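Examination of the molecular architecture
Okay, here's what each chain looks like letter by letter:
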Amino acid sequence: MSTERVTGQREQLRRRKLGYGCIAAAALVYSTTEVSIKSVSDVFSTMQITVLRVLIGGLFLLPFALRELRRRKVRLDGRDLRYFLCMGFICVALQIVFLQLSINAMDASATAAIYSGNPIFATVFAYFILKEPLLKRNLAALGLEIVGILFILNPLHIQISLSGFLFAILSTLTFALYGTFSRISVPRYGSVAMACLVLLTGGAELLAVTLPGEIPAVASVFDRVGLGIFSRVDFTAGYTVKSTLILAYICLVVTVGGYLLLAKAVECTSATEASFIYLFKPIIAAAFSAVLLHETISLNRIIGIGFFTAASVTAILPVFLEMRRSEREGGRP
């Protein structure tokens, strides 16, 4: 075997190890999303957390995004702006707001478990939108997720907020929809630039809605039509040393760090392997919720999380084994 080939294989192994390190770190970071937001939900208003999180996160990602766009020689125009306004509406104005509302109304561990199912729902959207094949393992995984949802909801003895459950499902579906559409555009913009521009445009859209809510007449209209979360949003309220540190963690570690770790994981491994993050999230998030928020993880919740984990394994493990087999065969002299 030539020296160049050995060196190439060692470099590939080094990158894969780095990629799996990023996957582990991203799984840990993303598993704290719901817990950290829940811990300040009684201090900051729903839209205060959401708008600050996406705008600050987007601004910190901006240097990385600009470098990525320059490297790809992409110049943005009006068509790109319209596209990102649409994606920002789906991913931020809908998905992140639904996630925030779910966290406010329901246990963090339950929200995290349901939200971790978005890769499976994404395969269904990819079948209808991108015309990708829907494999038997994807259908089996979807069935396991539905069973897991039923255990978490526990229809015979409902223990969680129905509105929180509905918002969690809507957040999961809209993020899966965003992920499906973004797969078309990531090759052009890059994953970091895509995330940055979506956060900034979506945050600007939310800001454009919340700022008029400071006007009493507009606020009363929002209240009458059930959009009270957009009225009287005080972006200066609730700041203490503790709440500010947690908010900084949400903006910089969860949002910025999470996106960068995920992007690096995809770069060093693959999108399929990077989705392992959602394999571990329900378990880690449940542990954080029990320890930090003192949430009681009931038996039916544990069983539901188990079904979610089984669904992830069902969908991801065969692909991973196939990739391993292809690499071994390709590496034979």
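Our structure is the block above this text.
These remarks concern the structure in this document. (Residues numbered from 1 in each chain as written. Predicted model: local features only at pLDDT ≥ 70, side-chain atom pairs only at ≥ 80, totals over all residues. Heavy atoms only, no water.)

**As for the overall build of the chain**
- Scanning the chain from terminus to terminus reveals 14 helices and zero strands.
- Traced from its N-terminal end to its C-terminal end, the chain shows the element sequence α-α-α-α-α-α-α-α-α-α-α-α-α-α.
- Against the 2.2 N^0.38 benchmark of 20 Å for 333 residues, the chain shows a C-alpha radius of gyration of 21 Å, consistent with a compact globule.
- Summarising its shape, the C-alpha atoms of the chain cover approximately 75 × 55 × 40 Å along the three principal directions.
- Restricting the contact set of the chain to residue pairs at least 6 apart, pairs at least 24 apart contribute 84%.
- In the structure as shown, the chain presents an accessible area of about 16200 Å², 68% of it carried by carbon and sulfur atoms.
- Taking the 31 positively charged and 20 negatively charged side chains of the chain as two groups, their mean positions are separated by 7 Å. (Helix = DSSP H or I, 4+ residues; strand = E, 2+ residues; numbered from the N terminus. Rg over C-alpha atoms; globule rule 2.2 N^0.38 Å. Contact = heavy atoms within 4.5 Å. Areas by Shrake-Rupley, 256 points an atom, 1.4 Å probe, with all protein chains shown as cover. Lys, Arg positive; Asp, Glu negative; His and termini not counted. Charge placed at Lys NZ, Arg CZ, Asp CG, Glu CD.)

**Observations regarding the packing of aromatic side chains**
- One pass over the full model with this rule turns up nine aromatic pairs.
- Both rings, one in Phe98 and one in Phe167, keep their centres 6.1 Å apart while their planes meet at 20 degrees; by these two values the pair is stacked. With Phe98 in helix 4 (residues 78-105) and Phe167 in helix 8 (residues 162-189), this pair connects stretches of sequence that are 69 residues apart.
- Residue classification places Phe167 among the partly exposed positions, given a relative accessible area of 23%.
- By the ring-pair criterion, three or more aromatic residues cluster together here, those being Tyr83, Phe84 and Tyr189. (Phe/Tyr/Trp six-rings, centres within 6.5 Å; stacked < 30°, edge-to-face > 60°. Buried < 20%, exposed > 50% of the residue type's maximum accessible area, 1.4 Å probe, protein only.)

**Here we look at the nonpolar core**
- Counting residues in each nonpolar core, the largest one holds 55 residues, and the members touching the most others are Leu61, Tyr178, Val198 and Leu206.
- Take this core: its biggest share by element is eleven residues, from helix 4. (Core = buried A, V, L, I, M, F, W, Y, C linked by side-chain atoms within 4.5 Å.)

**Focus: a nonpolar patch on the surface**
- Residues Phe151, Leu299, Ile302 and Ile303 make up a contiguous nonpolar surface patch of about 360 Å² in total accessible area.
- Looking at the nonpolar patch, the element that brings in the most residues is helix 14 (residues 299-330), giving three residues.
- Judged by its relative accessible area of 32%, Ile303 is partly exposed. (Patch = residues over 30% accessible without salt bridge, like charges linked within 9 Å, V, L, I, M, F, W, Y side chains within 5 Å. Salt bridge = Lys/Arg side-chain N within 4 Å of Asp/Glu carboxyl O.)

**What about the side chain of Gln48?**
- Along the chain, Gln48 turns up in helix 3 (residues 46-72).
- Given a relative accessible area of 2%, Gln48 falls into the buried group.
- A distance of 3.4 Å separates a polar atom in the side chain of Gln48 from the backbone oxygen of Asp234.
- The contacts of Gln48, once residues within four sequence positions are left out, are Val233, Asp234, Phe235, Thr236, Ala237 and Tyr239. (Polar contact = N/O pair within 3.5 Å; in protein donor to acceptor, adjacent residues only side chain to side chain.)

**Observations concerning the pattern of salt bridges**
- Counted under the stated rule, the structure contains three salt bridges.
- Residues Arg71 and Glu68 are paired through a salt bridge, measuring 3.9 Å at the closest nitrogen-oxygen approach. Of this pair, Arg71 and Glu68 both sit in helix 3, three residues apart, roughly one helical turn.
- The exposure class of Glu68 is buried, given its relative accessible area of 10%.

**Thoughts on unusual backbone geometry**
- Within the chain, Lys73 stands out as a residue other than glycine whose phi angle is a positive 60 degrees.
- Lys73 gets classed as exposed once you look at its relative accessible area, which sits at 77%.
- Phi angles above zero are rare outside glycine, and Arg232 is one such case at about 55 degrees.
- Mapped onto the elements of the fold, Arg232 is located in the loop between helix 10 (216-224) and helix 11 (241-268).
- Judged by its relative accessible area of 51%, Arg232 falls in the exposed class.

**Thoughts on the side chain of Thr46**
- Position of Thr46 relative to the elements: it lies in helix 3.
- Ignoring sequence-local partners within four residues, the contact set of Thr46 consists of Gln100, Leu101 and Asn104.

**Here's the deal with the packing of helix 6 (residues 118-129) against helix 8**
- Axis separation between helix 6 and helix 8 bottoms out at 8 Å; the angle between their running directions is 50 degrees. Taken together, the axes of helix 6 and helix 8 lie oblique to each other. Where helix 6 crosses over helix 8, the two elements pack in a sense that is right-handed. Facing helix 6, whose interface residues are Asn118, Phe121, Ala122, Phe125, Ala126 and Ile129, helix 8 presents Thr172, Leu173, Phe175, Ala176, Leu177, Thr180, Phe181 and Arg183. (Axes fitted to C-alpha atoms, helices over the stretch in contact; angles between N-to-C directions. Parallel < 35°, antiparallel > 145°, perpendicular 65-115°, else oblique. Left-handed = near helix turned anticlockwise from the far one by under 90°.)

**Regarding the environment of Ala285**
- With respect to the element layout, Ala285 can be found in helix 13 (residues 277-292).
- For Ala285, a relative accessible area of 1% puts it in the buried group.
- A C-alpha to C-alpha distance of 21 Å links Ala285 and Ala315, two positions 30 residues apart in sequence.

These results come straight from atomic positions and should not be treated as a statement about function.
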